[in-house]
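The primary structure of each chain is shown beneath.
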Amino acid sequence: IQSLMQKNASKNTIAKVLEEICDIFNIEDHYVCDAIVAEFEDEVLYIFAHSALQPSEVCGAVLGSNCGNKYNPFNQKWTIPIPGNKPPVKHIVQPKSGSPVNRILQLSDIHWDAQYTPGLIKECGEPLCCRPPNKKATNPEDGAGIWGELHCDTPYRTVINLMKHLNEISDQFDWVYVTGDLPAHNDWSQTRDNQTKVLVNITKLIKTYLPGKPVYFTIGNHESSPVNSFPPPFITGKESISWL
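Because the structure is predicted, anything quoted here is derived from the model rather than measured.

S.K.: Explanation requested: the overall build of the protein in the structure shown.
M.R.: Tallying secondary structure elements over the protein gives six helices and three strands in all. For the protein, the N- to C-terminal ordering of α and β elements is α-α-α-α-β-α-β-α-β. In summary, the protein has a C-alpha radius of gyration of 23 Å against a globular reference of 18 Å for 244 residues, an excess of more than 25%. Once the C-alpha set of the protein is aligned to its principal axes, its extents read approximately 70 × 70 × 35 Å. Residues counted as buried form 30% of the 244 residues belonging to the protein. For the protein, long-range pairs separated by at least 24 residues make up 64% of all intrachain contacts whose partners lie at least 6 apart in sequence.

This is the structure:
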């Protein structure tokens, strides 16, 4: 890839090579390979253009020691200056008996799949099933149920059922932590617009079913698009994470 970039190969040419690598090593089926390269190509090309790693180190990191020398940052000598002296250890003092108690509800990894479709194949050989373009199961036992499946993400009706239940037991907690990973695992076909819609919809549900409850949000690795992509603040423009 670095060689192609040095030769000023077009983005389409490099993307085609990445798709072929994904297919040859059977990383995923062709549909996922094709889509995930398109999802990650801008970020991957940026990293290759700015990476200090040699091709053998990249290959070793991705495919193992049979391919090249795996880069291990823990083998490097890092010097991290820490200002001041180490603060003294402070032992945690247990609260006194009868102290005020706050009960916290934590919601995490809902992974709502807006495309979940009951009856579609629930074991499809892809990272996420029970959704188009998977076909309808010929045997009903092989089809996705209405409430969810092991190899699939959460259908909307299950999210609504959860919210209704939490509303019924809302006297059992005082505030809510929402700790991310609300979108589905369709990492190869996500967009920033769709990710934002998931966050907005789940937030509206929480406000509807848990009115008056203080809610504190954080994001998980699946909120970004592409997945796991959280560029540092000095990355600006269209590659910036400011949209999230």
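S.K.: Help me out: how do you make sense of the layout of surface pockets in this one?
M.R.: The gaps of empty space that remain are located by a probe, the size of a water molecule, rolled over the atoms. Of the voids in this model, the second largest pocket is the one considered here, and its volume is about 440 Å³. Along the walls of the second largest pocket sit 21 residues, with Glu43, Arg192, Pro226, Ser229 and Glu239 positioned nearest its centre. Broken down by element, the lining of the second largest pocket gets its largest block of residues, seven residues, from helix α3 (residues 30-50). Looking at the lining of the second largest pocket residue by residue, the classes come out as nine nonpolar, five polar and seven charged.

S.K.: Can you walk me through the side chain of His111 in this structure?
M.R.: Looking at the secondary structure, you find His111 in the loop between β1 (104-107) and α5 (156-168). In this structure the side chain of His111 is engaged in a polar contact, spanning 3.3 Å, whose partner is the side chain of Asp109. Sequence-distant contacts of His111, that is, excluding residues within four places in its chain, are made with Asp153, Thr154, Asp181, Leu182, Pro183, Ala184, His185 and His222.

S.K.: It is not clear to me how the state of the cysteines should be interpreted in this structure. Could you clarify?
M.R.: By definition, a disulfide links two cysteine residues through a covalent bond between their sulfur atoms. Summed over all chains, the structure comprises three disulfides. With its sulfur 2.0 Å from that of its partner, Cys22 forms a disulfide with Cys33. Judged by the torsion about the S-S bond (-70 degrees), the Cys22/Cys33 disulfide is left-handed. Linking Cys22 in helix α2 (residues 11-24) with Cys33 in helix α3, this pair joins segments that are eleven residues apart in sequence. Across the pair, Cys33 and Cys22 agree in class, each one buried. Linked covalently through their sulfurs, Cys124 and Cys129 form a disulfide whose S-S length is 2.1 Å.

Each value, and the rule that gives it
- Residues numbered from 1 in each chain as written.
- Predicted model: local features only at pLDDT ≥ 70, side-chain atom pairs only at ≥ 80, totals over all residues.
- Heavy atoms only, no water.
- Helix = DSSP H or I, 4+ residues; strand = E, 2+ residues; numbered from the N terminus.
- Rg over C-alpha atoms; globule rule 2.2 N^0.38 Å.
- Buried < 20%, exposed > 50% of the residue type's maximum accessible area, 1.4 Å probe, protein only.
- Contact = heavy atoms within 4.5 Å.
- 1 Å grid on protein atoms, 1.4 Å probe; cavity = no way out; pocket = protein on both sides within 12 Å on 5 of 7 lines; lining within 4 Å.
- Points joined across faces, edges and corners; volume = space filled by probe spheres on them.
- Nonpolar A, V, L, I, M, F, W, Y, C, P; charged D, E, K, R; others polar.
- Polar contact = N/O pair within 3.5 Å; in protein donor to acceptor, adjacent residues only side chain to side chain.
- Disulfide = S-S within 2.5 Å.

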